[in-house]
Amino acid sequence: FLAVDTDGRTSVESIFACGDLTGPPLTANKAVYQARRAVKAILADGEPESAPSSAPIPALIEAVYTTPQLAAVGPVLELAKRSDLVVHRKSYAISMLSQVHGAHDRPSPDGGTDLPGEVKIWTDRNGTVLGAAAIGELAAELLASIQVTMQHGGTLEQLSAVPFAYPSISEVVTS
């Protein structure tokens, strides 16, 4: 992997890198984000050697598009080890979407008939969202609203107040 600054500059003047070449996570959304920052840096006043951006790199959703999907946003492996955080577990079964699309007729792994899936959201004691992981249909899409909340330093209470489309998978995080 190549070491780069926040705008993709390498140690070689006027050479930028982004994507898999810069290390994990090896995801398309990371590559696109890095490419946008690199282009802005290159075009900034025509001076590629201008100071790197001080904007924080956002938390990225990492997803595995299997059946069921697996997705995470934030440093979930580190968060899972911490005992000072609050873990909020929400089942897909609470969504109206699972009822509307007949998911209530599909058997779940535990023998029930709910739409199988769950999201875990880690917050600090003040409710600030620090990360989340989901397994189930549309897991990556479910985490999008959590990603935005994290990017803006928001709380789970603020996220829960958003009136998402109903029925949709997003309602899982608001209940």
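Trainee: Just to check I follow, could you spell out the nonpolar core for this structure?
Mentor: In a soluble, globular protein the nonpolar side chains are often hidden away together inside. With 21 residues, the main nonpolar core has Val73, Val119, Ile121, Leu142, Leu143 and Ile146 as its most contacted residues. Looking at this core, the elements that each hand over two or more residues are β2 (70-73), β4 (117-123), β5 (129-136), α4 (139-151), α5 (156-160) and α6 (171-174). Top element by residues in this core is α4. It accounts for 6 residues. If we skip the residues at most four places from it in the chain, Val119 touches His88, Arg89, Lys90, Ala133, Ala134, Leu142, Leu143, Ile146 and Val172.

Trainee: What is the right way to look at the pattern of salt bridges in this model?
Mentor: Note on pairing: side chains with opposite charge can pair once their charged atoms come close. By the definition in use, this model includes 5 salt bridges. Residues Asp7 and Arg37 are paired through a salt bridge, measuring 3.4 Å at the closest nitrogen-oxygen approach. With Asp7 in the segment before α1 (28-43) and Arg37 in helix α1, this residue pair connects regions lying 30 residues apart in the sequence. A salt bridge links Glu118 to Arg89, with the nearest nitrogen and oxygen atoms 2.8 Å apart. Of this pair, Glu118 sits in strand β4 while Arg89 sits in strand β3 (residues 86-91); the two residues are 29 residues apart in sequence, bridging distant segments of the chain. A network of salt bridges, in which partner residues are shared, links Asp5, Asp7, Arg9 and Arg37.

Trainee: Can you help me understand unusual backbone geometry in this one?
Mentor: Leaving glycine out, the prevailing phi sign among residues is negative, and the prevailing peptide bond configuration is trans. Each neighbour pair has its own omega, and for Pro24 with Pro25 the value is 0 degrees, a cis peptide bond. Looking at the element boundaries, Pro25 is found in the segment before α1. A cis geometry characterises the amide bond from Tyr166 onward to Pro167, with omega recorded as 0 degrees. Although it is not a glycine, Ser14 adopts a positive phi angle of roughly 70 degrees. Position of Ser14 among the secondary structure elements: in the segment before α1. Look at Leu138: it is not a glycine, yet its phi comes out positive at around 60 degrees. Residue classification places Leu138 among the partly exposed positions, given a relative accessible area of 38%.

Trainee: Explain α1 here, please?
Mentor: Every α-helix winds through 3.6 residues per turn, so residues three or four apart in the chain are directed the same way. Helix length check: α1 (16 residues) gives 22 Å between terminal C-alpha atoms against 22 Å at 1.5 Å per residue, within 8%. Along α1, the positions that sit buried rather than exposed are Lys30, Gln34, Arg37, Ala38 and Ala41. End-on view of α1: buried residues confined to an arc of 100 degrees, all on one side of the axis. The exposed set on the far side of α1, more than 90 degrees from its buried face, consists of Ala28, Arg36, Lys40 and Leu43.

Trainee: Is there a simple way to explain the side chain of Ser168 in this structure?
Mentor: One can find Ser168 in the loop between α5 and α6. Taking the relative accessible area as the measure of exposure, Ser168 reaches 15% and is therefore buried. A distance of 2.7 Å separates a polar atom in the side chain of Ser168 from the backbone oxygen of Ala165. The contacts of Ser168, once residues within four sequence positions are left out, are Ser95 and Leu97.

Trainee: Just to check I follow, could you spell out a nonpolar patch on the surface for this structure?
Mentor: Taken together, the side chains of Val39, Ile42 and Leu43 make up a nonpolar region of the molecular surface, amounting to roughly 280 Å² of accessible area. Inspection of the secondary structure assignment puts Ile42 in helix α1.

Conventions adopted
Residues numbered from 1 in each chain as written. Predicted model: local features only at pLDDT ≥ 70, side-chain atom pairs only at ≥ 80, totals over all residues. Heavy atoms only, no water. Core = buried A, V, L, I, M, F, W, Y, C linked by side-chain atoms within 4.5 Å. Buried < 20%, exposed > 50% of the residue type's maximum accessible area, 1.4 Å probe, protein only. Helix = DSSP H or I, 4+ residues; strand = E, 2+ residues; numbered from the N terminus. Contact = heavy atoms within 4.5 Å. Salt bridge = Lys/Arg side-chain N within 4 Å of Asp/Glu carboxyl O. Expected span 1.5 Å × (residues − 1). Arc of directions from axis to C-beta. Polar contact = N/O pair within 3.5 Å; in protein donor to acceptor, adjacent residues only side chain to side chain. Patch = residues over 30% accessible without salt bridge, like charges linked within 9 Å, V, L, I, M, F, W, Y side chains within 5 Å. Areas by Shrake-Rupley, 256 points an atom, 1.4 Å probe, with all protein chains shown as cover.

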